[in-house]
Amino acid sequence: MKPLITFVLLSLCLLPIIFVLVSTSFKADSRSFSIDYKNNCFRKDGKPFQYISGSIHYSRIPREYWKDRLLKMYMTGLNAIQVYVPWNFHETLQGVFNFAGDRDLEYFLNLANQTGLLVILRPGPYICAEWEMGGLPAWLLQKPNIILRSADTEYLKATSVWFGVLLTKMRPWLYQNGGNIISVQVENEYGSYFACDYNYMRHLHNLFRLFLGEDVILFTTDGNTDKEMICGTLEGLYATIDFGTDTNITAAFIRQRRFEPKGPLVNSEFYTGWLDHWGDKHASVDTVKVSKMLGEMLSMGASVNMYMFEGGTNFGYWNGADHDTRFRSVVTSYDYNAPLSEAGDPTDKLLAIRDVIKNFRDIPVGPMPPATPKFAYGFVTLQKVGNISSLLDTLSPQGPVQSQYPLTFEEIKQYYGSMLYRTTLPRNVPEPTPLISPLNGIHDRAYVSVNGVYKGLMERDTALVMNVTGQQGDQLDIIVENMGRVNFGSYINDNKGLLGNLILGNDVLTDWSIYPLDIDTAVANGWLQAGHSGSGMEAGDGPMIYSGTLKSTGLAWDTFVKLNGWTKGQVWVNGVNLGRYWPQRGPQQTLYVPGPFLSATQPNNITVLELERAPSHRRILFMDRPQLNIYFLRNGKNAKKKSIPRCLS
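Sequence order as written defines residue numbering, which begins from 1 separately in each chain. Owing to the predicted nature of the model, reporting of local features is limited to residues with pLDDT of at least 70; listing and counting of side-chain atom pairs is limited to 80 or more, with chain, interface and lining totals taken over all residues. Hydrogens and water molecules were not included; the side-chain quantities draw on all heavy atoms of the structure.

**A word on the nonpolar core**
Phase 1 of the analysis: Among the nonpolar cores identified, the biggest contains 158 residues, and Ile81 and Leu148 are the most heavily contacted of them.
Phase 2 of the analysis: Put simply, DSSP marks the helices as runs of H or I at least four residues long and the strands as runs of E at least two long, and each gets a number from the N terminus on. Sort the elements by how many residues they give to this core and helix α6 (residues 153-170) lands first, with eight residues.
Phase 3 of the analysis: Isoleucine 81 has contacts with Ser53, Gly54, Ile56, Leu70, Met73, Phe108, Ala112, Leu117, Leu118, Val119 and Ile120, leaving out every residue within four places of it along the chain.
Phase 4 of the analysis: Formed by 23 residues, the second largest nonpolar core is a distinct cluster that contains Val450, Val468, Leu504 and Leu509. By nonpolar core we mean a set of buried residues, namely Ala, Val, Leu, Ile, Met, Phe, Trp, Tyr and Cys, connected to one another through side-chain atoms within 4.5 Å. Working definition: with a 1.4 Å probe on protein chains only, accessible area under 20% of the residue-type maximum means buried, over 50% means exposed, and in between means partly exposed. Contacts between residues were defined by any pair of non-hydrogen atoms, one from each residue, lying within 4.5 Å.

**Notes on the packing of aromatic side chains**
Phase 1 of the analysis: Note on aromatic contacts: the rings of Phe and Tyr and the six-membered ring of Trp form a pair at centre separations within 6.5 Å, being stacked when their planes are under 30 degrees apart, edge-to-face when over 60 apart, and tilted otherwise. For the structure shown, the criterion picks out 36 aromatic pairs.
Phase 2 of the analysis: When the ring of tyrosine 58 is compared with that of tryptophan 66, the centres are 6.2 Å apart and the planes differ by 90 degrees; the resulting orientation is edge-to-face. Tryptophan 66 matches tyrosine 58 in its accessibility class, with the two residues each being buried.
Phase 3 of the analysis: Chaining the aromatic ring pairs together yields one cluster made of Tyr58, Trp66, Phe89, Tyr107, Phe108, Trp131, Trp318, Tyr415 and Tyr416.

**Description of the pattern of salt bridges**
Close approach of charged atoms allows side chains of opposite charge to pair.
Phase 1 of the analysis: Within this document, salt bridges are pairs made up of a side-chain nitrogen of Lys or Arg and a carboxyl oxygen of Asp or Glu, the two lying within 4 Å of each other. Taken as a whole, this structure holds 29 salt bridges when the rule is applied.
Phase 2 of the analysis: The salt bridge partner of arginine 613 is aspartate 541, with a shortest N-O separation of 2.3 Å. Placement of arginine 613 in the loop between β33 (604-610) and β34 (619-623) and of aspartate 541 in the loop between α14 (519-524) and β28 (544-550) is noted, with a sequence separation of 72 residues between them.
Phase 3 of the analysis: On the accessibility criterion, aspartate 541 (23% relative accessible area) is partly exposed.
Phase 4 of the analysis: Across the salt bridge formed by aspartate 624 and arginine 625, the nearest N and O atoms sit 3.1 Å from each other.
Phase 5 of the analysis: Using a relative accessible area of 32% as the deciding quantity, one classes aspartate 624 as partly exposed.

**Notes on the environment of glutamate 612**
Phase 1 of the analysis: Mapped onto the fold, glutamate 612 is located in the loop between β33 and β34.
Phase 2 of the analysis: Two N or O atoms form a polar contact when they lie within 3.5 Å of each other; inside protein one atom must be a possible hydrogen donor and the other a possible acceptor, and for residues adjacent in sequence the pair counts only when both atoms belong to side chains. In this structure the side chain of glutamate 612 is engaged in a polar contact, spanning 2.3 Å, whose partner is the side chain of arginine 445.

**Focus on helix α10 (residues 287-299)**
Phase 1 of the analysis: Here the expected length of a helix is defined as 1.5 Å per residue gap, with one fewer gap than residues. End to end, α10 covers 18 Å across 13 residues, agreeing with the expected 18 Å (1.5 Å per residue, within 8%).
Phase 2 of the analysis: Every buried residue of α10 is accounted for by Val290, Ser291, Met293, Leu294, Gly295, Met297 and Leu298.
Phase 3 of the analysis: Buried residues in α10 make contact with β4 (52-56), β9 (238-243), α9 (249-259), β10 (266-271), β11 (303-310) and α11 (348-357).
Phase 4 of the analysis: Glycine 301 lies just past α10 and shows a positive phi near 85 degrees.

**A closer look at the sheet that holds strand β3 (residues 47-49)**
Each strand in a sheet pairs with another by means of backbone hydrogen bonds, the pair being arranged parallel or else antiparallel.
Phase 1 of the analysis: Two strands are said to pair when DSSP picks up at least two bridges between them. The three strands lie next to each other as β1-β2-β3, forming an open sheet whose pairing is antiparallel. Unpaired on one side and paired on the other, β1 (33-36) and β3 mark the two borders of the sheet. This sheet shows a mean twist of 45 degrees between the axes of neighbouring strands, independent of strand direction.
Phase 2 of the analysis: Both β1 and strand β2 (residues 41-44) contribute to a ladder of four bridges, which runs antiparallel. Bridge pairing in β2 links phenylalanine 33 to lysine 44. Note on method: axes are straight lines fitted to C-alpha atoms, helices fitted across the in-contact stretch only, with angles between N-to-C directions ranging 0 to 180 degrees.

**Digging into the state of the cysteines**
Phase 1 of the analysis: Any two cysteine sulfur atoms within 2.5 Å of one another count as a disulfide. In the structure shown here, the tally under the stated rule is one disulfide.
Phase 2 of the analysis: The disulfide partner of cysteine 196 is cysteine 231, and the gap between their sulfur atoms is 2.1 Å. Disulfide cysteine 196-cysteine 231: the torsion about the S-S bond is -90 degrees, which places it as left-handed. Taken together, the residues cysteine 196 in the loop between β7 (181-185) and α7 (198-212) and cysteine 231 in helix α8 (residues 226-232) connect sequence positions 35 residues apart.
Phase 3 of the analysis: We classify cysteine 231 as buried; its relative accessible area is 10%.

**Observations regarding the side chain of serine 183**
Phase 1 of the analysis: Here serine 183 shows up in strand β7.
Phase 2 of the analysis: Given the relative accessible area of 4%, serine 183 is considered buried.
Phase 3 of the analysis: Not counting residues within four places of it along the chain, the set of residues in contact with serine 183 comprises Val119, Ile120, Leu121, Val216, Ile217 and Phe219.

**Some details on the layout of surface pockets**
Phase 1 of the analysis: Of the pockets and cavities examined, the largest pocket occupies roughly 840 Å³.
Phase 2 of the analysis: Here a cavity denotes grid points, spaced 1 Å and computed from the protein atoms alone, that fit a 1.4 Å probe unable to get out, and a pocket denotes an open set having protein on both sides within 12 Å along at least 5 of 7 lines; residues with an atom within 4 Å of a point are the lining. Looking at the largest pocket, it is lined by 28 residues, and the ones nearest its centre are Thr92, Arg103, Tyr317, Trp318 and Asp520.
Phase 3 of the analysis: Of all the elements in the fold, those that place two or more residues in the lining of the largest pocket are α4 (87-90), α14 and β31 (576-581).
Phase 4 of the analysis: The classification used treats Ala, Val, Leu, Ile, Met, Phe, Trp, Tyr, Cys and Pro as nonpolar, Asp, Glu, Lys and Arg as charged, and all other residues, Gly among them, as polar. For the lining of the largest pocket, the class distribution of residues is 15 nonpolar, eight polar and five charged. Grid points are joined across faces, edges and corners, and a volume is the space filled by probe spheres set on the points.

**Let's talk about the environment of leucine 351**
Phase 1 of the analysis: Residue placement: leucine 351 occurs in helix α11.
Phase 2 of the analysis: Judged by relative accessible area, which is 35%, leucine 351 ranks as partly exposed.
Phase 3 of the analysis: The sequence separation of leucine 351 and proline 339 amounts to 12 residues, and the corresponding C-alpha distance is 8.1 Å.

**Some points on the packing of helix α3 (residues 66-76) against helix α5 (residues 105-115)**
Phase 1 of the analysis: Where α3 contacts α5, the axes come no closer than 10 Å and their chain directions differ by 35 degrees. Between α3 and α5 lies a crossing whose hand is right-handed. Residues Trp66, Lys67, Leu70, Leu71 and Tyr74 of α3 lie in contact with α5, whose contacting residues are Tyr107, Phe108, Leu111, Ala112 and Thr115.
Phase 2 of the analysis: Of the residues belonging to the contact of α3 with α5, the class tally is eight nonpolar, one polar and one charged. Note: crossing handedness is left-handed where the near helix turns anticlockwise from the far helix by less than a right angle, and right-handed where it turns clockwise.

**Some remarks on the sheet that holds strand β23 (residues 475-481)**
Phase 1 of the analysis: Reading across the sheet, the six strands line up as β16-β27-β17-β23-β20-β21 and stay open at both edges, with antiparallel pairing between neighbours. Two strands in the sheet have a free side with no partner beyond their single neighbour: β16 (401-403) and β21 (453-459). Along the sheet, successive strands turn relative to each other by an average axial angle of 25 degrees, direction set aside.

Written as structure tokens, this is what we have:
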């Protein structure tokens, strides 16, 4: 096997970025950002510097609101922001790179620069972040045996190409080159991953130096344990640590000192809040604890990044999931109980944090920008468009893929959303007969019907058997929903769909027609309107599409849509996928609708995919405030929320 460095250089020579290897970057006179190991601090332009930073994810906020959120962070007293770059957000399809619109990272960096905020960049390639597959693109899973986050040849090749594109764009934005990026993280909490592959980390280190040069600070972030710091750190990368309000500050920084004896103390993720899974109680972290602990760290001279400062929203299918004892999907809202709410509104926590920061640096003069206006538009009644089976010509115009056995989403190259698996019953089953997924191969929820009659669902880890009746030759339809790929731990190779055979009684089901469902394109093109209904199930039973119109009011203000009585599904407004709803599971009851998604002068098209059962009233309600904390009993007992670090096992 050739040495890694030889492989890297050979693969990179194919990229149109040779100029990076031979050009000398422009460096603005006197601009520098470095580590002073003698005095244990950062130095900016030669002067001691302490950053007070907050995490914000441009991928979770509409582009129209980036400036608003950044200004609020600046007016709180922050002098820096920390930014993840989700690889799959920019290269959803292999070789197709998208940096336009809501993906225009350089525009976001420029806004931050104009606002007066420095940037701590976290480009991964893996980011965790409760984001789909931790930011890794699902097309990597087309290689069945790929070992992600390792020196696996296929993985290194893909990351080299990606960074050849991304880091080339980032180099002019480095502080010493006239931009505002002061440091760049390599990988992300790698010490918590099972591989502990130093060759992989060395490969990334060399790659970052190749594209970014020798002057930029490269660092790592790991959890507050020896194991994680051992596997996540590497010589030449500055080692930082992360922890929340339940941690002894002195003990945590002593641990950082064991791995980085000199240089600034850094908490790269100080947790101001926490994430929610469906079925959890809404997470919260006490404001007094956050502000008190922030003050203590700043008093020690530590640089601190608050995770999160503005959480935002997992629009579309971008939520991640965890898998400890079972699969648990992250909710659509990434409010995170952060200082700025999901809708970007200042909270009491923000005001308390600002009062702490005043003791360490001058706060910008002027008022805090107000909350964006909200409006309760009221009820909208939806009409049935049709069930999925009756709309296949619209939702899957290319037709089915034929296969003797089930194929995964990745094999079909349908990475998100849902697919329909269709076959026929191989014999008469007059008595209830178990339909079984013997190897826990439902990833993640399967909605089952026979001859257009909805029978129920199967679910990963929890419901792998259901009873079916019918006659030989009856049509069996199984719509499988991808609930978001695991974003942390050893289960990130998270293929979706039917991962193995289904068995009906003693018969292995074969001869499948598999339909990729492109619901988003159909919605965006206005193809799913009431009155186009096909035959099939009665309204309310099984996967069904509904549509309606929110009349124009002359306003396009933020609002929150509540689906009281609906079960589980997805909502689109004017073709924009707001994300998943699941009010019966909770805790989230409303979906955030940013004002820029609405029209003040034209009717607003609403589309709902209900996967189980719609209420008879078919109404949805647009409110002027969110409901994120309604928690229900499940199986007669309170669902328990495990207290684990955000991206640590």
